[in-house]
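# Residue-level structural notes
The residues making up each chain are set out below.
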Amino acid sequence: MSAHATPQRRFGFWRWVWLAVMIGAAGLAWYAGGIWKAVPPAVVLPAEPAWPGLYLAPGIPFTNTMLSALLASLLVFGPMLWAVQAFVRGGKDVPSGFYQIVEMAVEFFWNTTQSAAGKWAKRIFPFTMTIFLYVLAVNLFKMVPIHETIGYTKLAHGNIQGYSTVVVGGVHLLDGSHPYTGEHAEAAPAEGEAGHGEAEAESAYWNSAEPCENCEIVPSIRGAATDLNFTASLALITMLMVQVFGVWALGPDYFSKFFNLKTIVSKPFFGLMDFIVGLLELISEIAKILSFSLRLFGVIFAGTLLLAIVSTLSFGGAQPLVFFVPGLLVGLELFVGIIQAYVFSTLALTFMSQATVSHHGDEHSEAH
Amino acid sequence: MSDPETFLQAMRYLGAGLAVIGVAGAGAGIGIVVGGAVQAMARNPDYTPTIQTNMILGIAFAEAVAIYALAVALIILFV
């Protein structure tokens, strides 16, 4: 409104503040990098409890990946709901601000769904859109720096390299320049009696305020897609919904795709072939679950690992590279996260729209 | 060979490296997919959205194989 009255300033105020913050942070990192080396991550494939003794139910820990997924969905779906509600209540015709981004994303996906699914778009769209937004939220939230850095200390065991901690105000800081060089005293007996030793090591949390000599950090929060449980459950739900849409569209006839007994009598040899092809279709349905879950998990886990490893490299003492190379890779990771969300939802859309189409129609037309 | 633990670790690294060879095929596959898609888009630009969607699907399928190799390597290394 007052944009016409005051001349447009070429350079705003806040961008200088941000630039100062960025330069300050880079300088601080440069200075601190000489004192505190980055700690190479302790790579653990399964998710760990977000805090010792935090259980959802007996035997089911509340894992760090669950916490991340919960926070990510709150951070994304909360503002989205608020923006949509504010727009609907406001009664303006022209969308603006955050709502515009939401509408753009939804509209883009609606068009894609419509071109792929036709008249089933209305029923398929909510599902694929939710998957897209959820996976996107989780993948982007993974890039927030609190991930894999804040946690609780645990005695290092097995072949994980431990580090000595520095206690500042009751908080343990892992110090990368002081790796534990002593012999792995508690690792050796654990090899002998595997089951017992492992259970002992699991409970070895470091609770005292004294600096720990040989510790690792178990992150309290870790990207949700680095947990196979997250991706596998999404894949299972997706493939279940594919079957649901198939039955919805075609009725019980849908299952003749898998158990094709229609032509087994009329065409003795080729009917048998059709039956075997149907069984293969059943196997490929299971393979889809596997490929869905492993794709997302593999890409995101490998990306996290890559970032962690690259930020602990020394680059032959070329100090500036230690700060700029991980920055470039963060950009790549953002891109990969968006692409994976898109791929997951597009594949779900494709499978669903394929399931709603009867493919016996063209078989009959071929026969005639 | 005198230290079985070190030998096992060395074999793990070797196995992980061998497992990741599978990524080469996926690289060639993605190259072929994108090459074909770019040619198609250059010939008829009107169909770009359709081609792009299918291209990304094809890339995802080709990439999945690479991801299997990567998952195997990760499991060999860290489990």
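Notes on the structure follow.

The next subject is the overall build of chain B. In terms of regular secondary structure, chain B is built from 3 helices and 0 strands. Ordered by position in the sequence, the α and β elements of chain B form the string α-α-α. For chain B, the C-alpha radius of gyration of 19 Å lies well beyond 12 Å, the compact-globule estimate for 79 residues. Over its C-alpha atoms, taken along the principal directions, chain B stretches across nearly 65 × 20 × 10 Å. For chain B, with 79 residues in total, the buried portion stands at 25%. Once local pairs closer than 6 in sequence are excluded, the contacts in chain B between residues at least 24 apart make up 70%. With an accessible surface of roughly 4900 Å², chain B has 72% of that area assigned to carbon and sulfur atoms.

Grouped together as the largest cluster of nonpolar side chains are 54 residues, with contacts concentrated most on A:Phe132 and A:Phe292. Listing elements by their share of this core, those giving two or more residues are α2 (64-90), α3 (97-117), α4 (121-141), α7 (228-250), α8 (268-312) and α9 (319-355) of chain A together with α2 (23-43) and α3 (48-78) of chain B. Per-element tally for this core: the top contributor is α4(A), with 12 residues. Ignoring anything within four residues of it in the chain, the contact list for A:Phe292 reads A:Ala235, A:Thr238, A:Met239, A:Phe344, A:Leu347, A:Ala348 and A:Phe351.

The next point concerns a nonpolar patch on the surface. Where nonpolar side chains cluster on the molecular surface, the patch consists of A:Phe13, A:Trp14, A:Trp18, A:Val21 and A:Met22 and spans about 650 Å² of accessible area. Note that A:Trp18 resides in helix α1 (residues 14-35).

Contacts between the two partners involve 17 residues from chain B and, on the opposite side, 20 residues from chain A. Roughly 1500 Å² of surface becomes buried between chain B and chain A when both sides are summed, with 79% attributable to carbon and sulfur atoms. Our count for the chain B to chain A interface comes out at 0 salt bridges. Linking chain B to chain A there are 1 residue pair in polar contact (both at pLDDT 80 or more). Every element with two or more residues in the side of chain B that touches chain A is listed here: α1 (4-19) and α3 of chain B. No other element matches α3(B), which puts 14 residues into the side of chain B that touches chain A.

Residues and elements named next belong to chain A. Tallied over the entire structure, the rule returns 16 aromatic pairs over all chains. Seen in terms of ring centroids, Phe87 and Tyr99 are 4.0 Å apart; in terms of plane orientation they differ by 15 degrees. Their pairing is stacked. With Phe87 in helix α2 and Tyr99 in helix α3, this residue pair connects regions lying 12 residues apart in the sequence. Exposure class is identical for Phe87 and Tyr99. Each is buried. Between Phe292 and Phe351, the aromatic rings sit 5.7 Å apart at their centres with planes inclined by 85 degrees, giving edge-to-face as the arrangement. Of this pair, Phe292 sits in helix α8 while Phe351 sits in helix α9, and the two are 59 residues apart along the sequence. Comparing Phe292 with Phe351 shows no difference in burial state: the two are buried. One aromatic cluster is present, built from ring pairs that chain together Phe108, Phe109, Phe132 and Tyr342. A cation sits over an aromatic face here: Lys288 above Phe351, 4.3 Å from the ring centre.

The subject of this paragraph is the packing of α8(A) against α3(B). α3(B) packs onto α8(A) with a crossing angle of 65 degrees between their chain directions and a minimal axis gap of 8 Å. The two elements α8(A) and α3(B) meet at a crossing, and its hand is left-handed. Contact with α8(A), carried on its side by A:Ala287, A:Leu290, A:Ser291, A:Leu294, A:Arg295, A:Gly298, A:Val299, A:Phe301, A:Ala302 and A:Leu305, involves B:Ala60, B:Phe61, B:Glu63, B:Ala64, B:Ile67, B:Tyr68, B:Leu70, B:Ala71, B:Leu74 and B:Phe78 of α3(B) and no other residues of that element. By residue class, the composition of the contact of α8(A) with α3(B) is 16 nonpolar, 2 polar and 2 charged.

Within the secondary structure layout, A:Arg295 lies in helix α8. At 4.9 Å, B:Glu63 is the nearest oppositely charged side chain to A:Arg295, a buried residue that forms no salt bridge. Contact partners of A:Arg295, with chain neighbours within four places excluded, come to A:Gln340, A:Val343, A:Leu347, B:Ala60, B:Phe61, B:Glu63, B:Ala64 and B:Ile67.

Residue and element names in this part refer to chain A. Structurally, Val330 is set in helix α9. Among the residues examined, Val330 registers a relative accessible area of 30% and is labelled partly exposed. If near-sequence neighbours (up to four positions away) are discounted, Val330 is found in contact with Met143 and Leu307.

This part covers the pattern of salt bridges. All names here are of chain A. Applying the stated criterion to the full structure yields 2 salt bridges over all chains. Between Glu333 and Lys142 there is a salt bridge whose closest N-O contact spans 3.3 Å. Taken as a pair, Glu333 in helix α9 and Lys142 in the loop between α4 and β3 (151-155) lie far apart in primary sequence, 191 residues in all. Take Glu333 and Lys142: they sit in the same class, and that class is buried. Note that Lys288 is salt-bridged to Glu285, the shortest N-O span being 3.4 Å. Residue Lys288 and its partner Glu285 are located together in helix α8, separated by 3 residues, close to a single helical turn. Here Lys288 matches Glu285 in class, with each residue buried.

Reading guide: rules and limits
- Residues numbered from 1 in each chain as written.
- Chains lettered and ligands numbered in written order.
- Predicted model: local features only at pLDDT ≥ 70, side-chain atom pairs only at ≥ 80, totals over all residues.
- Heavy atoms only, no water.
- Helix = DSSP H or I, 4+ residues; strand = E, 2+ residues; numbered from the N terminus.
- Rg over C-alpha atoms; globule rule 2.2 N^0.38 Å.
- Buried < 20%, exposed > 50% of the residue type's maximum accessible area, 1.4 Å probe, protein only.
- Contact = heavy atoms within 4.5 Å.
- Areas by Shrake-Rupley, 256 points an atom, 1.4 Å probe, with all protein chains shown as cover.
- Core = buried A, V, L, I, M, F, W, Y, C linked by side-chain atoms within 4.5 Å.
- Patch = residues over 30% accessible without salt bridge, like charges linked within 9 Å, V, L, I, M, F, W, Y side chains within 5 Å.
- Salt bridge = Lys/Arg side-chain N within 4 Å of Asp/Glu carboxyl O.
- Buried area = accessible area lost by both parts, 1.4 Å probe.
- Polar contact = N/O pair within 3.5 Å; in protein donor to acceptor, adjacent residues only side chain to side chain.
- Phe/Tyr/Trp six-rings, centres within 6.5 Å; stacked < 30°, edge-to-face > 60°.
- Lys NZ or Arg CZ within 6 Å of the ring centre and 35° of its normal.
- Axes fitted to C-alpha atoms, helices over the stretch in contact; angles between N-to-C directions.
- Left-handed = near helix turned anticlockwise from the far one by under 90°.
- Nonpolar A, V, L, I, M, F, W, Y, C, P; charged D, E, K, R; others polar.
- Lys, Arg positive; Asp, Glu negative; His and termini not counted.

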